[in-house]
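A structural walkthrough
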Amino acid sequence: MAFWKQLLRDRGRTRGVEGLKTRLSSFQDLVAKNNRVLELFADAGEKLGGEYVFDIQYLHGLARSLEEEVRGVVQDLEALTGRRNKDLRAAVERVSSEIGAVIDSRVVAPKADYVIDLDAVDADLAEVVGMKMARLGEIRNHLGLRVPDGFVVTTYACRQVLDHAGVTLEMEEAFGGDPSPDPDRLKAVAAALAGRLEDARIPAGVARAIRTGMSRLGRNTRCRKVAVRSSALGEDGDLSFAGKYRTVLGVTAAELTAAYRQVISSLYTHEVMRYRMDRGAHPGRGLMAVGCLCMVRAKAAGVLYTLDPSRVDEKVVVVSAVRGLGKAVVEGVSVADRFVVARDAPYDVLSRDTVVKDQMTVTAREGGLKRIPVPEAQRSEPALSEGELRELVSGAMRIERYMKCAQDIEWAVDTDGRLYFLQARPLRLSPTIEVRQPDLSGVVNRYKVLMRDRGEVACRGIASGRVHIVENDDALGDLPEDAVLVARTSSPRLASAMSRIQAVITDVGTATGHLAAIAREFRVPAIVDTRCATDLLAEGMEVTVDAEENRVYEGRVDELVHSQLLRRSAFEDAAEYRLLRGILGKAAPLNLKDPQSSSFTASNCATYHDIIRYAHEKAVEELSSGRRMNPSRNGRFVRRLELGIPLDLVMIDLGGGFRKRDKGRSVGPGDLTSKPLCALLDGLMTEGVWATGPADMDLDGFMSSATRAAPLSNPLAARVEHNLAIVSESYLNLSLHLGYHFNIVDAHLTDRRDENYIYFRFAGGVTEMARRARRATLLKRILVANDFVVEGRQDLVIGRIKKVPTDVMKNRLRIIGRLVGFTRQLDIHLRDDDALERCVNGFLEGRNSPLDCTGAS
Amino acid sequence: MNAMKKVLVLDDEPIVCERLKPALEKIGFYVETFNESQEVIDRVTEENFDVLVTDLKMKKPDGIEVMKYVNEKSPGTKVIIITGFATEETAREALSSGAVDFIAKPFKISQLRDLIVKITGDE
């Protein structure tokens with residue numbers, strides 16, 4: 001940008017342009033920071049794919065960089081307008097503190113409701129509901145398996161209770177600067193804190209929320225008693241705390257608040273504090289969410305391990321079962337039936353060891369539990385029928401596939417024979433077993449590699465099964481449980497099968513596409529864009545998909561599938577991964593899309609993306625309105641360009657950009673003398689490029705997981721916004737908002753080849769993921785075909801070309817002009833990959849509208 | 001058949017060890033991971049390893065000190081430095097202190113894996 005600076009210096013010498021110079025410089029800075037923020041989003045989005053190793057330092061760095069750049073954008077806007085923008089500053093503070101809370105969430109409860117229904121719980125809420133309840137929410141809401149109805153009292157509620165009772169203060173004072181006191185002192189502190197909490201009153205707001213949650217549950221389900229279960233931060237995560245926190249069963253509405261207090265008091269038992277301290281954590285800093293789940297009227301219950309922890313090589317499922325509630329078997333105080341079951345469908349029972357069961361635990365009518373005799377005839381009968389056992393193991397294997405590691409599951413079957421999952425956590429294996437991983441390189445060499453490094457990994461993981469090639473929708477209804485889905489396109493319709501399949505492989509598609517996003521949501525190993533899967537893989541063939549090394553093997557590579565199960569947990573469960581998702585969730589969504597809307601205000605900015613979008617719009621508006629420019633001094637530099645199309649382009653002249661024939665506020669194309677702008681407009685104004693003809697609305701194309709929250713609107717109806725060109729005879733800096741697309745062109749065009757360059761940048765949005773990916777592919781292919789050096793992440797595409805002769809420069813600027821017009825109505829036409837091909841080829845052959853390429857009506 | 005190559009991974013962030021261990025084991029390496037540098041110093045006095053992958057910024061002794069110790073005790077061990085505080089200067093310091101290579105965090109697992117395969121295959 002040496003040219004740009006030189007120009008500003010030259011213009012600076014001219015009387016009356018000092019203010020203009022400063023403001024243009026602020027604008028340039030604002031645009032540069034705006035771009036850096038978008039690049040940070042794209043870069044961080046890439047890290048979610050699973051290919052990267054990153055740590056908490058990276059997250060701190062990312063949060064810092066985002067905040068720095070966004071603050072810079074606001075300062076540049078203020079410099080440009082000469083006004084302090086309090087609302088925008090407040091928005092930055094808000095987002096920044098929300099992101100800070102995400103990063104600190106291991107110790108600070110993020111602000112949330114006191115009570116959240118289990119229907120609304122998933123892994124993204126892990127810091128609010130604790131990992132145990134987050135997993136249960138995933139099993140219920142993502143896998144569709146039966147979990148008791150209920151609600152969660154959040155970590156935020158817990159924080160209020162602890163603060164209100166004075167526990168937080170007393171704890172911090174008690175430990176002072178020494179979080180590793182001697183055992184006697186620790187015991188004394190534990191007793192004091194637990195005592196304080198047990199005597200404390202629950203704050204009215206929290207107590208009310210718990211009562212409301214319980215009465216709603218009673219109304220909706222006729223449930224009268226709940227199990228009150230701990231779900232502390234860190235429980236079942238890095239530290240297991242297995243059995244260390246309290247659970248209270250058979251709790252009535254009247255007893256609920258007391259039971260809640262009892263359960264959270266177990267944060268401060270000596271045993272728990274000691275356990276935390278021994279593992280390097282602060283002994284007193286814990287937070288707990290509490291699940292309140294309807295009691296199951298259990299006829300049988302117990303525990304299931306998806307691998308036998310003592311003999312992991314045998315690859316079998318082990319089930320322990322008793323009559324009645326499973327408390328005794330969970331606590332290991334009662335004899336139980338033991339079943340060994342095959343891990344593959346149809347889940348044959350390999351052995352059964354039935355014991356005599358004299359007693360069982362049931363819920364007492366008055367609340368709590370009691371032990372009663374098992375009816376004589378049932379004492380020697382197995383607690384589970386073969387059918388129930390198969391259903392249980394089938395569900396457990398789905399949970400294991402989803403969680404990507406061996407599981408320890410609590411379950412119950414009610415008196416009507418309905419199976420419930422009560423808890424699932426990674427199966428703890430002895431460290432010696434984890435170290436004994438087989439030499440997989442030797443093992444996999446024995447198998448034929450059917451595909452290697454074809455396409456992109458869209459979701460990491462390993463799975464095996466039988467190839468099921470999908471040709472049409474009908475085939476999706478009846479997929480076997482072991483299906484490896486193979487398809488030509490990565491059509492979003494495949495998403496409907498995602499919760500039931502082992503893996504997915506497609507011929508075309510991208511790792512940032514819609515299907516890839518759904519695969520990640522369901523944690524299904526996925527490889528896309530292989531170009532050859534439907535040719536190389538035959539229907540019914542048994543294969544193992546290694547979507548970590550991007551390989552597909554013929555046959556079942558047991559050791560490979562097995563090695564994954566022995567890991568402690570899937571990378572998706574790592575705190576860092578969830579934190580990154582949380583940061584992006586606070587920073588990246590764009591809610592402010594329509595500058596004409598009354599809600600397009602600084603105080604409505606909810607994310608960093610909103611803030612930079614708002615600031616950019618206001619900066620362009622400020623410059624193009626010529627406010628704060630003394631007309632007698634600066635007015636002659638600013639003109640609106642009348643083109644006869646709704647582009648609303650305002651130009652600022654740095655010298656030789658256009659002729660000012662009179663004192664009017666606008667000029668026509670004939671007045672333009674800026675060579676790069678003339679060349680670009682030449683392309684943009686080519687007949688057919690600025691097509692305004694009707695295009696069919698395919699609303700599907702505008703729904704996406706990323707924009708689900710945004711109002712659905714017709715982008716063609718989106719009003720044209722202020723656009724700005726800063727020009728000189730040889731220079732062009734163009735910012736164009738067209739609907740939801742944002743184009744930037746920065747170009748210098750002279751007779752001196754070495755000084756020539758074009759920088760073109762396209763950022764999109766709004767349409768669903770698959771179309772965004774196709775749009776990015778289209779732009780990249782067209783730019784590459786025209787000698788641009790192209791880079792891009794997700795739906796951001798940047799093309800550069802430099803040091804080319806004048807005639808080539810003019811030609812490429814014309815192409816950019818055509819492309820800007822072409823992409824304006826592109827999204828709705830990119831229904832599938834065939835349409836993408838037709839659009840790329842059509843454009844390169846000289847067609848100027850997507851409609852002409854696809855022939856869509 | 002060649003003996004299994006042995007890799008030590010040292011990083012005070014557990015996530016790094018958790019991600020690298022299975023990825024390297026899968027391609028046939030024997031892997032031990034540590035979060036404390038003193039443990040690595042103790043371990044290399046007991047046994048020789050082919051590769052040490054170590055973070056740079058840690059509580060004392062830091063990555064450079066561990067590397068110097070390992071180079072002295074076990075000159076055959078090749079050291080790769082990984083760090084989130086990547087500057088040209090730190091890279092230069094790492095290389096001049098005896099590292100065979102330097103990778104900035106975040107990195108792709110395949111990048112480190114290919115590097116380890118290359119340096120252990122060179123022998």
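Before any of the text, the structure's been laid out above.
An account of the accompanying structure is given in this report.

Cut-offs used in this document
- Residues numbered from 1 in each chain as written.
- Chains lettered and ligands numbered in written order.
- Predicted model: local features only at pLDDT ≥ 70, side-chain atom pairs only at ≥ 80, totals over all residues.
- Helix = DSSP H or I, 4+ residues; strand = E, 2+ residues; numbered from the N terminus.
- Contact = placed C-beta atoms within 7 Å.
- Buried ≥ 20, exposed ≤ 12 C-beta atoms within 10 Å, placed from the backbone.
- Arc of directions from axis to C-beta.
- Axes fitted to C-alpha atoms, helices over the stretch in contact; angles between N-to-C directions.
- Parallel < 35°, antiparallel > 145°, perpendicular 65-115°, else oblique.
- Nonpolar A, V, L, I, M, F, W, Y, C, P; charged D, E, K, R; others polar.
- Pairing = 2+ DSSP bridges.
- Core = buried A, V, L, I, M, F, W, Y, C linked by C-beta atoms within 7 Å.
- Domains from an automatic or database assignment.

Within chain A, the secondary structure is distributed over 25 helices and 31 strands. For chain A, the proportion of contacts with a sequence separation of at least 24, taken over those separated by at least 6, is 66%.

The next thing to look at is helix α11 (residues 270–278) of chain A. Residue and element names in this part refer to chain A. Burial in α11 covers these residues: V272, M273 and R276. Projection of α11 onto a plane perpendicular to its axis shows the buried side chains occupying an angular sector of 95°, all on one side. Looking at the buried residues of α11, the elements they touch are α8 (183–199).

To continue, consider the packing of helix α3 (residues 56–81) of chain A against helix α4 (residues 86–103) of chain A. Residue and element names in this part refer to chain A. Put simply, α3 and α4 touch, their axes get as near as 11 Å, and they point 180° apart. Here α3 lies roughly antiparallel to α4, going by the angle between them. Facing α3, whose interface residues are L59, H60, A63, E67, V70, R71 and V74, α4 presents L88, R89, V92, S96, I99 and I103. For the contact of α3 with α4, the class distribution of residues is 8 nonpolar, 2 polar and 3 charged.

Residues and elements named next belong to chain A. The sheet built from 8 strands is open, its strands ordered β15-β22-β21-β17-β18-β19-β20-β16 with mixed pairing. Each edge of the open sheet carries a strand with a single partner, namely β15 (449–452) and β16 (456–459). Ignoring which end each strand starts from, the neighbouring axes of this sheet average 30° apart. Sheet topology note: the strand β17 (residues 462–470)/strand β18 (residues 483–487) ladder contains 5 bridges and is parallel. Pairing of V470 across the sheet is with A487, part of β18. Helix α18 (residues 558–565) contacts β17 and β21 (542–546) of the sheet and is inclined by roughly 120° relative to β17.

Further remarks concern the pairing of strand β30 (residues 789–793) of chain A. All names here are of chain A. In terms of strand pairing, β30 meets strand β31 (residues 796–802) through 5 bridges, oriented antiparallel. Among the inter-strand pairings, V789 is bridged to a residue of β31, identified as R800. In this structure, the hairpin formed by β30 and β31 is closed by a connection of 2 residues, where Q794 is found at a positive phi of approximately 50°.

Moving on, we get to the interface of chain A and chain B. Between chain A and chain B, the residue contacts involve 20 residues of the former and 18 residues of the latter. Pairing of strand β1 (residues 52–53) of chain A with strand β6 (residues 107–108) of chain B involves 2 bridges; the strand directions are antiparallel. Bridging across to β6 of chain B, Y52 of chain A finds its partner in K108 of chain B.

Residue and element names in this part refer to chain A. Counting residues in hydrophobic clusters, the biggest one holds 170 residues, and the most contacted among them are A519, A526 and I611. In terms of residue count, α3 provides more of this core than any other element does, 9 residues in total. Lining this core are residues from two domains, each supplying at least three of them: domain 3 (444–565) and domain 4 (630–854). Once you skip the residues sitting within four places of it in the chain, A519 turns out to touch A458, C459, M498, V504, V524 and A526. Core analysis: the next-biggest nonpolar cluster, separate from the first, contains 102 residues, Y114, V152, I202 and L429 among them.

For the rest of this paragraph, the subject is unusual backbone geometry. Going from A345 of chain A to P346 of chain A, the amide bond is cis rather than trans, its omega being 5°. By secondary structure assignment, the location of P346 of chain A is in the loop between β9 (337–342) and β10 (349–353). Cis geometry marks the peptide bond from K105 of chain B to P106 of chain B; its omega dihedral reads -10°. Following the sequence through the fold, P106 of chain B ends up in the loop between β5 (101–104) and β6. Unlike most non-glycine residues, R531 of chain A shows phi in positive territory, near 70°. Residue position: R531 of chain A is located in the loop between β20 (526–528) and α17 (533–536). With 13 C-beta atoms packed within 10 Å, R531 of chain A lands in the partly exposed category. Here D648 of chain A, not a glycine, exhibits a phi torsion of approximately 45°, which is positive. Note on placement: D648 of chain A falls in the loop between β23 (638–641) and β24 (649–653).

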